[in-house]
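Chain and residue survey
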Amino acid sequence: MFTTTQLRPAGSRRQALDAFADLLFGKLPRADQREWANTYLRGLLSTPGKKSMRRLAESVSSSPTAWYSLQQFISGSSWDWEQPRGELARWVDQRASVRAWTVATAAVTKRGDQSVGVHRRFVPSAGRMVNCQLGTALFLSCPGANFPTDWKLHLPTEWAADRRTQMAAARIPQGVTPQPLWQDALDLVDTAAARSAGAVVPVVADLSDLDDVCRAVARLEARGLSFVLAVPPGMEVLGEAGSPGAPQPHRRNGEAPPNTAGGLLELQSGRPYRYTAAIMGASGGFRQVPVLSAYFRLTRRPQGPPAAQQTYRLFSQPDSALQGRGLDDQPDTPPAGRAHRAGAAPHQRHGDGHLPR
């Protein structure tokens, strides 16, 4: 984010960073909070590798007690983090062309069970069960960069039943209760929409680890948002129930179409590829890739108007057709254009397909 300022002379860099810190933290109520917020920000930007409080303090201060003051500022001092995050989002919005709100999760491995929200779960990137905290973050996605501007820690359901004492010790407010991971993501999207002064952009999120994608889709539809979602291959779909005029899925040997996203795309894998998508690589260059595509409807929806009347486009790359899927509810728009515009490329490292609305 600060590449341009790093090329300036040291004094100029410090002035630019002080101005940026004042923008973010200038409204904190106490002078010592503003001072340590500035110190913390400088430590984050100058400390390589693991960013523990001791290492952050050592990189920006010669005081042997600086790490304790930083720790106190982050975990003990009372200040509202919403205002700095809002300022950060507005700062990015004013300086970059935001094309999408991208939501992603990250697992932080833990050894014990005392950290807030720690639990065991299967982490696909690790390929195994992991004892961890799980965070959800929202990025403002721009050409060539993604800027994190909001995040939250996931509180799993087991904390509600078993860890009331730990919740109190961690000073978790009494009104905070565990909720589904997709609700964490939608909370961040709602906050981004409230903060944004520009046009609302598509939501890009990986929901391929969730069991109940339908509820998340229903909430996004209710908000009137366009979206691209990576969804699990086992998600139940109505393969033949497309909107009027939509192509029907191909049958093999007269068999009935499958009722999962993965099965539906498997049927398409033997047909000629009708579409291609332009995908940006790590170097910034584009390449054309073939796209498997099919139309379908969701099998159920918990509340609201009948979801069965909504048609989506399912798509994936051929070499990952059985590992992740996506859908689009506007079949008159070529999937290549919508996939690229909505930022489907970042999920390809997982072999995922996507679901643009």
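Just above, that's the structure.
How each quantity is defined
- As a convention, each chain's residues are numbered from 1 in the sequence order in which they are written.
- In view of the model being predicted, local features appear only for residues whose pLDDT reaches at least 70, and side-chain atom pairs are presented and counted only at 80 or more, with totals across whole chains, interfaces and linings using the full set of residues.
- For side-chain calculations, the full set of non-hydrogen atoms in the structure is used, while hydrogens and water are omitted.
- Strands are runs of DSSP state E lasting at least two residues, helices are runs of H or I lasting at least four, and both sets are numbered from the N terminus onward.
- Per-residue accessibility, obtained with a 1.4 Å probe over protein chains only, is compared with the maximum for each type, and a residue is labelled buried under 20%, exposed over 50%, and partly exposed between these values.
- Contacts: residue pairs with any heavy atoms within 4.5 Å of one another.
- In short, Shrake-Rupley with a 1.4 Å probe defines the accessible areas, and a residue's cover is counted only from the protein chains shown.
- We define a salt bridge as a contact between a side-chain nitrogen of Lys or Arg and a carboxyl oxygen of Asp or Glu at a distance within 4 Å.
- Summarising the geometry, the arc corresponds to the directions from the helix axis toward the C-beta atoms.
- To define a nonpolar core, start from buried Ala, Val, Leu, Ile, Met, Phe, Trp, Tyr and Cys residues and group those joined through side-chain atoms within 4.5 Å.
- Whenever a helix is involved, its axis is fitted only over the stretch in contact; in every case the axis is a line through C-alpha atoms, and angles between N-to-C directions fall within 0 to 180 degrees.
- Roughly parallel refers to an angle under 35 degrees, roughly antiparallel to one over 145, roughly perpendicular to one between 65 and 115, and oblique to any angle outside these ranges.
- Ten residues, namely Ala, Val, Leu, Ile, Met, Phe, Trp, Tyr, Cys and Pro, are considered nonpolar, four, namely Asp, Glu, Lys and Arg, are considered charged, and the remaining ones, Gly among them, are considered polar.
- Expected span of a helix: the number of residues minus one, times 1.5 Å.
- For Phe, Tyr and Trp, rings pair up if their centres lie within 6.5 Å, where Trp contributes its six-membered ring, and each pair is then called stacked (planes under 30 degrees apart), edge-to-face (over 60) or tilted (otherwise).
- In this scheme, strands are said to pair when DSSP sees at least two bridges between them.

Points about the overall build of the protein chain
From N to C terminus, the protein chain includes twelve helices and ten strands. Looking at the protein chain as a whole, 44% of its 357 residues are labelled buried. Residue pairs at least 24 apart in sequence account for 60% of intrachain contacts in the protein chain once pairs closer than 6 positions are excluded. When the accessible surface of the protein chain is summed, it comes to about 18,700 Å², and 52% of that surface belongs to carbon and sulfur atoms.

Points about the pattern of salt bridges
Across all of its chains, the model carries nine salt bridges by this definition. Close ionic contact of Asp-18 with Arg-14 constitutes a salt bridge, the shortest N to O distance being 3.0 Å. With Asp-18 and Arg-14 both in helix H2 (residues 10-25) and four residues apart, this pair spans about one turn of that helix. For Arg-14, a relative accessible area of 39% gives the class partly exposed. Salt-bridge contacts for Asp-190 lead to Arg-223; the nearest nitrogen and oxygen are separated by 2.6 Å. Taken together, the positions of Asp-190 in helix H9 (residues 181-195) and Arg-223 in the loop between helix H10 (213-222) and strand E6 (227-230) put the pair 33 residues apart, joining distant regions of the chain. According to the relative accessible area criterion, Arg-223 is partly exposed, its value standing at 33%. One network of salt bridges, in which partners are shared, links Glu-82, Arg-85, Asp-150 and Arg-195.

Structural notes on helix H4 (residues 53-60)
Those residues of H4 not exposed but buried are Met-53, Leu-56 and Ala-57. For H4, the arc enclosing every buried residue in end-on projection is 95°, short of the 170-degree limit, so these residues lie on one face. Against the buried residues of H4 lie helix H3 (31-46) and helix H5 (66-75).

Side note on the nonpolar core
Counting residues in each nonpolar core, the largest one holds 53 residues, and the members touching the most others are Trp-101, Leu-138, Leu-229 and Phe-296. For this core, the element with the highest residue contribution is H9, accounting for seven residues.

Regarding the side chain of Glu-87
Looking at the secondary structure, you find Glu-87 in helix H6 (residues 82-95). Judged by relative accessible area, Glu-87 falls into the buried class, the value being 14%. The residues contacting Glu-87, other than those within four sequence positions of it, are Leu-23, Leu-24 and Lys-27.

Focus on the packing of H3 against H5
Packing of H3 against H5 leaves a shortest axis separation of 10 Å and a crossing angle of 110°. Relative to H5, the element H3 is oriented roughly perpendicular. Facing Gln-33, Trp-36, Ala-37, Thr-39 and Tyr-40 of H3, the residues of H5 in contact are Ala-66, Ser-69, Leu-70, Phe-73 and Ile-74. Here the contact of H3 with H5 is composed, by residue class, of seven nonpolar, three polar and no charged.

Considering H3
Here H3 is 16 residues long and its end C-alpha atoms lie 23 Å apart, about the 22 Å a rise of 1.5 Å per residue gives. Of the residues making up H3, those classed as buried are Gln-33, Ala-37, Asn-38, Thr-39, Leu-41, Arg-42 and Gly-43.

A short note on the packing of aromatic side chains
Applying the stated criterion to the full structure yields four aromatic pairs. Note on Phe-20 and Trp-91: the rings are 4.9 Å apart at their centroids and 65° apart in plane angle, and the pair reads as edge-to-face. Highlighted residues: Phe-20 in helix H2 and Trp-91 in helix H6, separated in sequence by 71 residues. Like Trp-91, Phe-20 is buried. Ring centres of Phe-73 and Trp-79 lie 4.9 Å apart, and the angle between their planes is 5°; on these two criteria the pair is classed as stacked. An aromatic cluster is built from Phe-25, Phe-73 and Trp-79, whose rings are joined through pairwise contacts.

Some words on the pairing of strand E5 (residues 203-206)
Bridge count for strand E1 (residues 100-109) against E5 is three bridges, and the pairing is parallel. Bridge pairing in E5 links Thr-102 to Val-204. Bridge analysis of E5 against E6 gives four bridges, and the strand direction is parallel. Pairing of Ala-205 across the sheet is with Leu-229, part of E6.

What about the environment of Ala-57?
The topology assignment puts Ala-57 in helix H4. For Ala-57, a relative accessible area of 3% corresponds to the buried category. Taking the C-alpha atoms as reference points, Ala-57 and Ser-69, twelve residues apart in sequence, are found 9.0 Å from one another. Ignoring any residue separated from it by four or fewer positions in sequence, one finds Ala-57 in contact with Ala-66, Trp-67 and Leu-70.

A short note on the environment of Leu-225
Structurally, Leu-225 can be placed in the loop between H10 and E6. Overall, the relative accessible area of 7% leaves Leu-225 in the buried class.

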